[in-house]
Amino acid sequence: MRSKDRISYFYDGDVGSVYFGPNHPMKPHRLCMTHHLVLSYELHKKMEIYRPHKAYPVELAQFHSADYVEFLHRITPETQHLFPNEMSKHNLGEDCPVFENLFEFCQIYAGGTIDAARRLNNQLCDIAINWAGGLHHAKKCEASGFCYINDLVLGILELLKYHARVLYIDIDVHHGDGVEEAFYFTDRVMTVSFHKYGDLFFPGTGDVKEIGEKEGKYYAINVPLKDGIDDTSFTRLFKIVISKVVEIYQPGVIVLQCGADSLAGDRLGCFNLSIDGHAECVRFVKKFNLPLLVTGGGGYTKENVARCWTVETGVLLDTDLPSEIPDNEYIKYFAPEYSLKIPNGQLENLNSKSYLGTIKMQVLENLRCIQHAPSVQMQEVPPDFYIPDFDEDEENPDERVNQHTQEKLIQRDDEYYDGDNDNDHNMDDV
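Residues numbered from 1 in each chain as written. Predicted model: local features only at pLDDT ≥ 70, side-chain atom pairs only at ≥ 80, totals over all residues. Heavy atoms only, no water.

**Remarks on the nonpolar core**
- By size, the foremost hydrophobic cluster in this structure holds 129 residues, and its most contacted members are Tyr 109, Tyr 148, Met 190, Phe 194, Phe 234 and Phe 238.
- Broken down by element, this core gets its largest block of residues, 11 residues, from helix H5 (residues 102–121). (Core = buried A, V, L, I, M, F, W, Y, C linked by side-chain atoms within 4.5 Å. Buried < 20%, exposed > 50% of the residue type's maximum accessible area, 1.4 Å probe, protein only. Helix = DSSP H or I, 4+ residues; strand = E, 2+ residues; numbered from the N terminus.)

**With respect to the packing of aromatic side chains**
- In total, this model carries 19 aromatic pairs according to the counting rule given.
- Judged by centre distance (6.4 Å) and plane angle (55°), the ring pair of Phe 234 and Phe 271 falls under tilted. Of this pair, Phe 234 sits in helix H8 (residues 231–249) while Phe 271 sits in the loop between strand S7 (253–257) and helix H9 (275–286), and the two are 37 residues apart along the sequence. You'll find Phe 234 and Phe 271 in the same group, each marked buried. (Phe/Tyr/Trp six-rings, centres within 6.5 Å; stacked < 30°, edge-to-face > 60°.)

**Considerations on helix H3 (residues 66–74)**
- Within H3, burial applies to Tyr 68, Val 69, Phe 71 and Leu 72. Down the axis of H3, the smallest arc covering the buried residues is 160°, so these residues share one side.
- Against helix H2 (57–60), helix H4 (84–89) and H5 lie the buried residues of H3. (Arc of directions from axis to C-beta. Contact = heavy atoms within 4.5 Å.)

**Looking at the pattern of salt bridges**
- Counting across every chain of the model gives 21 salt bridges.
- Residue Lys 139 is joined to Asp 177 by a salt bridge in which the shortest nitrogen-to-oxygen separation is 2.9 Å. Of this pair, Lys 139 sits in the loop between strand S3 (127–130) and helix H6 (151–159) while Asp 177 sits in helix H7 (residues 177–182), and the two are 38 residues apart along the sequence. As far as the burial class goes, Lys 139 and Asp 177 line up, both buried.
- Here Glu 280 makes a salt bridge to Arg 283, at a shortest N to O gap of 3.1 Å. Of this pair, Glu 280 and Arg 283 both sit in helix H9, 3 residues apart, roughly one helical turn. (Salt bridge = Lys/Arg side-chain N within 4 Å of Asp/Glu carboxyl O.)

**Here we look at unusual backbone geometry**
- In this structure, Pro 203 follows Phe 202 across a cis peptide bond, with omega equal to -5°.
- Within the element layout of this structure, Pro 203 appears in the loop between strand S5 (189–196) and strand S6 (220–225).
- A cis amide bond, omega 0°, links Ala 335 with the succeeding residue Pro 336.
- Relative to the helices and strands, Pro 336 resides in the loop between helix H10 (302–316) and helix H11 (353–371).
- Unlike most non-glycine residues, Gln 123 shows phi in positive territory, near 55°.
- By secondary structure assignment, the location of Gln 123 is in the loop between H5 and S3.
- In this structure, Asp 318 is a non-glycine residue whose phi angle is positive, near 55°.
- Residue position: Asp 318 is located in the loop between H10 and H11.

**Things to note about the side chain of Asn 150**
- Looking at the secondary structure, you find Asn 150 in the loop between S3 and H6.
- Of note is the side chain of Asn 150, whose polar atom sits 3.0 Å from the backbone oxygen of Ala 138.
- In this structure Asn 150 touches Phe 63, His 64, Leu 135, His 136, His 137, Ala 138, Gly 178 and Val 179, once residues within four positions along its chain are discounted. (Polar contact = N/O pair within 3.5 Å; in protein donor to acceptor, adjacent residues only side chain to side chain.)

**Thoughts on the sheet that holds strand S1 (residues 7–10)**
- Reading across the sheet, the 8 strands line up as S2-S1-S3-S8-S7-S4-S5-S6 and stay open at both edges, with parallel pairing between neighbours. On the outer flanks of this sheet lie strand S2 (48–50) and S6, each paired with one strand and no other. Neighbour-to-neighbour, the strand axes of this sheet turn through a mean angle of 15°, independent of strand direction.
- With 4 bridges connecting them, S3 and strand S8 (residues 292–295) associate as parallel partners. Note on S8: the bridge partner recorded for Ala 128 is Leu 293.
- The sheet strands contacting H10 are S1, S3 and S8, and the helix crosses S3 at an angle near 170°. (Pairing = 2+ DSSP bridges. Axes fitted to C-alpha atoms, helices over the stretch in contact; angles between N-to-C directions.)

**What to know about the pairing of S1**
- Here S1 shows a buried face lined by Ile 7 and Tyr 9 and a second buried face lined by Ser 8 and Phe 10.
- With 3 bridges joining them, S1 and S3 adopt parallel strand pairing. Residue pairing for S3: Ser 8 is matched across the bridge by Ala 128.
- Tracing the backbone out of S1, into helix H1 (residues 29–40) and back to the parallel element S2 gives a crossover that is right-handed. (Right-handed = clockwise from strand over helix to strand, strands pointing away.)

**Description of the environment of Pro 52**
- Mapped onto the secondary structure, Pro 52 falls in the loop between S2 and H2.
- Under the relative-accessibility criterion, Pro 52 is labelled buried at 8%.
- Considering only alpha carbons, one finds Pro 52 and Ala 110, 58 residues apart in sequence, at a separation of 8.7 Å.
- Residues within four places of Pro 52 in sequence aside, it is in contact with Phe 10, Tyr 11, Asp 12, Ile 108, Gly 111, Gly 112 and Asp 115.

**Some words on the confidence of the model for the chain**
- Counting all residues, the mean pLDDT for the chain is 90, and 86% of those residues have values of 70 or more.
- Within the model, pLDDT remains below 50 along residues 381–430, and this stretch shows 63 contacts once partners closer than five positions in the same chain are excluded. (pLDDT = per-residue confidence, 0-100.)

**What about the packing of H5 against H6?**
- H6 packs onto H5 with a crossing angle of 20° between their chain directions and a minimal axis gap of 8 Å. It follows that H5 is roughly parallel to H6 by the angle criterion. As for how H5 packs across H6, the hand of that crossing is right-handed. Facing Tyr 109, Ala 110, Thr 113, Ile 114, Ala 117, Arg 118, Leu 120 and Asn 121 of H5, the residues of H6 in contact are Asp 151, Leu 152, Leu 154, Gly 155, Glu 158 and Leu 159.
- For the contact of H5 with H6, the residue count by class is 8 nonpolar, 3 polar and 3 charged. (Parallel < 35°, antiparallel > 145°, perpendicular 65-115°, else oblique. Left-handed = near helix turned anticlockwise from the far one by under 90°. Nonpolar A, V, L, I, M, F, W, Y, C, P; charged D, E, K, R; others polar.)

Written as C-alpha cells, this is what we have:
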C-alpha cells in the first residue's frame, strides 16, 4: 500500500469559456463550475494544481492525421463556408461545430491529458486528474460526437513509452469507440467500455461481440447495457469485470474515463446512476494502487457534472465531502437544495438479471481466451516507438516541422532500444 497518494490536477480556466453554440448540449462552462466546487470544498489544498501546456500540432499528430490537425488549426467560424469538402471530410458541422478558439480549446484539454501521462511516467504523482479531457469519440482524421482531438489516445501513447500494458476503462453512457478503434489491433492496450447499446443510440458500436482483431483479439471488452441501469446492477457488474481484467491483464497503469452522462437525469443519457454509484467505480479502481490517469468525458446536465466530478476528486483524495455545497461563484446553479445529492432516476431498469448474467458470462469467457493463449507473453514489452519530449522554450508551435526533423522522429527497424531512450529499467511496476 502507498502511504499517501500524490495527486496532480490539471486545469486552465480558458477551457471553460468556449461556446459550442445555442442549443448545443456540450457546455464547457461545466468545467469552470466543477473547478469552483473543488475550490469551495478546499480540495485544492490536498493536490498539486497545474495549468497544462497547450499541446503542439506535432503532438496532436502523434495520433491524428497531419492534414486534419492543420485544418482544425486554420478553420474559423468566418471561413468555414469556404471549405465545404474539408468540413464534410473531417465531419465538422452540426454535432461538431466550428467555434471561436476551437483549436486552442483542443490544445488545452489534450495538453492536460498528455501532461498528466508524463507526470505519471516520471513518477511525480500517483494519480493525475484532467476533468477537461476524456473526449473519447474523436478519430484519426475526423471529429465525432462533440470530440475533435482524442486526448485519451494521445495520453495512452505517452504511457506506452514507459508501460508494457495500459488498461483503459470507460464509464460514459456512450461507447468509447475512438479509443477502442485506435488500439483495436494491439495487446498493449486493453479497452473496457460500459455503455448503453441498441435503439440506434450513439455511436452505434460497442456490442459484446466486438473483441479486437489480430494481436488485439480479446483485448477490447464491451459491456453493452440497456436503459435504466441502477447503482446496484452497474457497480456489481463493474467490479466483477474489472477485478478479472486486472488479475489477468496485469496493467502497469490505468486510464479511467468518467463521463458523467451515465448519471440519472442527464440531458442525453438514459441510465439511473446516482453520484455515489458512479463514484463507487472510481473508488474501486483506485484500490488497485496502480498509477491512475482520470479524465472527464460526456455530461450534459452541467450542475450534476460538477457535483459528480467534485465528489470523485474527493474520492481520489480519500476525502468525504459534506452534502451541503459551500458558497462559491456558481452557487445559484445548485438551487434549491444546494446539495451534492441528485434526485433518483425514474427510468425503468430494462436490464434483467438474466441479460446481465449473459453479458457477464460472455465477457469472462473472452477473458479466459487471453489466459489460455500461449502466444500472449506477459513479460516486459519494449515500447515500439519513441516520441521526444518538447522543450517549450525551444519550440515554436506555429512552425511546421521540417523534413529533417520528421525523419529524426522515425525509429528504424534495425535499431533496438538502448541508452538514453531505454525506459525499460523504469518498468518495475508493470
